[in-house]
Amino acid sequence: MSQAPHCPLDLLPADVAAWAVDGEPVDDVDMPAHVATCQACQAVVAAVAGSDEVGLVLRNAGPAAPVAVSERAAGRIRIERAATALAAALADAGARVAAAAVDYLVPRHRRDE
Amino acid sequence: MEQISDAELVVRARDRGDGVALDELLRRHRDTAYRVALRICLNPAEAEDIAQESLVRAWRSLDRFRSDAAFSTWLYRITTNTALKRAGRRKDVVMAELPEPLGPDLDPAGRVVQRERLAVATTALASLPPQQRACWVLREVEGLSYDELAEVLGLTLAAVKGRLFRARAELTAALARYDEDTATEDTPTEDTPTEKPPSKDLP
């Protein structure tokens, strides 16, 4: 039974893949030189090779959003904004009514006393 | 309005209640929100809802937006979270229409192969766990850096690399299986009739 190759530097496959596809550096390791001699890392590189071609196609073919997306969002925002303003106005009006009621009732109460 | 930066639009929309600035901000970022939502949830109708919801959420929390951060990165975060929440609830996936393959100089047969490979990859993408798919989409399609990915997804760099590795390995394996199957189909077997040798009787 053959054993899977093991990286002598114990590099994580995720780090090796990030280097292979995106050129992300791996601390203190000369990756090209290391990978040239490490079968485990070569296997990782092979495991992710070519996956970026799909991303490239999708990146260049980004679909445009229907205009309705932002129009509906703007509509909802305006309604929420109006509702907030209305709630504030009602709260303000309620406070004024309450203050007027106090102004009216307190003197009457004192007089009745 | 088009020359004004996102940060200035945010200030105008948030602090001055400028409706025109708000419309411009939404118009400018609706494609990004829709594209990310579509690639994560793989359902065009749902992607519209997610994009709309994300734009509204972004507006609701404009007070918490720091002007030193990029509005787009912030929107990526909101859209991704919204899409992932929905993706967790749904099981059915409707594949969006596939884009045209790259390479206008490809011959018709080459275009068919490219298109099939893309379909295979998109199917493999759909089978990934949503969190892995989101990570891959933000890196490969949107081009976010590893640091931005960690910020948007709320993950450590190691977790980002791990998710990307698994997603990429899955896509590569799916493409390799497709290439192997295609090569097997193209290889003539002993039973396959081959071109007859020219008859000696012919003049």
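Residues numbered from 1 in each chain as written. Chains lettered and ligands numbered in written order. Predicted model: local features only at pLDDT ≥ 70, side-chain atom pairs only at ≥ 80, totals over all residues. Heavy atoms only, no water.

Trainee: When you look at the overall build of chain B in this model, what are you seeing that I'm missing?
Mentor: When helices and strands are counted, chain B shows eight helices and zero strands. Each helix and strand of chain B, placed in order from N terminus to C terminus, yields the pattern α-α-α-α-α-α-α-α. Counting all 203 residues of chain B, 45% fall into the buried class. Of all intrachain contacts in chain B linking residues separated by at least 6 positions in sequence, the fraction that spans at least 24 positions is 57%. Looking at chain B as shown, the accessible area adds up to about 10900 Å², and 50% of this sits on carbon and sulfur atoms. (Helix = DSSP H or I, 4+ residues; strand = E, 2+ residues; numbered from the N terminus. Buried < 20%, exposed > 50% of the residue type's maximum accessible area, 1.4 Å probe, protein only. Contact = heavy atoms within 4.5 Å. Areas by Shrake-Rupley, 256 points an atom, 1.4 Å probe, with all protein chains shown as cover.)

Trainee: Looking at this structure, I do not really get the nonpolar core. What am I missing?
Mentor: Core analysis: the largest hydrophobic core is formed by 63 residues, its most contacted members being F71, W136, L138 and L149 of chain B. Per element, the largest residue contribution to this core is eleven residues, and it comes from helix α2 (residues 19-41) of chain B. Aside from chain neighbours lying at most four places away, what touches L149 of chain B is C135, L138, R139, L144, G154, V160 and L164 of chain B. Core analysis: the next-biggest nonpolar cluster, separate from the first, contains 14 residues, L11, A14 and C41 of chain A together with F165 of chain B among them. (Core = buried A, V, L, I, M, F, W, Y, C linked by side-chain atoms within 4.5 Å.)

Trainee: What is the right way to look at the side chain of T32 of chain B in this model?
Mentor: Within the fold, T32 of chain B resides in helix α2. Among all residues touching T32 of chain B, those that are not within four sequence positions of it are Y76 and E142 of chain B.

Trainee: Would you mind going over the interface of chain B and chain A with me for this structure?
Mentor: Accessible area lost during the coming together of the parts is what is often quoted as the interface size. Contacts between the two partners involve 43 residues from chain B, matched on the other side by 41 residues from chain A. Of the roughly 3900 Å² buried at the junction of chain B and chain A (both faces included), carbon and sulfur atoms supply 62%. Counting across the chain B and chain A interface gives seven salt bridges. The residue R78 of chain A makes a salt bridge to D23 of chain B at a minimum N-O spacing of 3.1 Å. At the junction of chain B and chain A, the tally comes to 14 residue pairs in polar contact (both at pLDDT 80 or more). Contributions of two or more residues to the side of chain B that touches chain A are made by α2, α3 (44-60), α5 (108-127), α6 (130-141) and α8 (157-186) of chain B. The greatest single-element share of the side of chain B that touches chain A, amounting to eleven residues, is contributed by α2 of chain B. Looking at side-chain class alone, the side of chain B that touches chain A contains 21 nonpolar, six polar and 16 charged residues. (Buried area = accessible area lost by both parts, 1.4 Å probe. Salt bridge = Lys/Arg side-chain N within 4 Å of Asp/Glu carboxyl O. Polar contact = N/O pair within 3.5 Å; in protein donor to acceptor, adjacent residues only side chain to side chain. Nonpolar A, V, L, I, M, F, W, Y, C, P; charged D, E, K, R; others polar.)

Trainee: Sorry, what's going on with unusual backbone geometry here?
Mentor: Of note, the phi angle at D10 of chain A is positive, near 55°, even though the residue is not glycine. Even without glycine at this site, L42 of chain B takes up a positive phi of about 60°. Inspection of the secondary structure puts L42 of chain B in the loop between α2 and α3.

Just distances and angles here, no functional claims.
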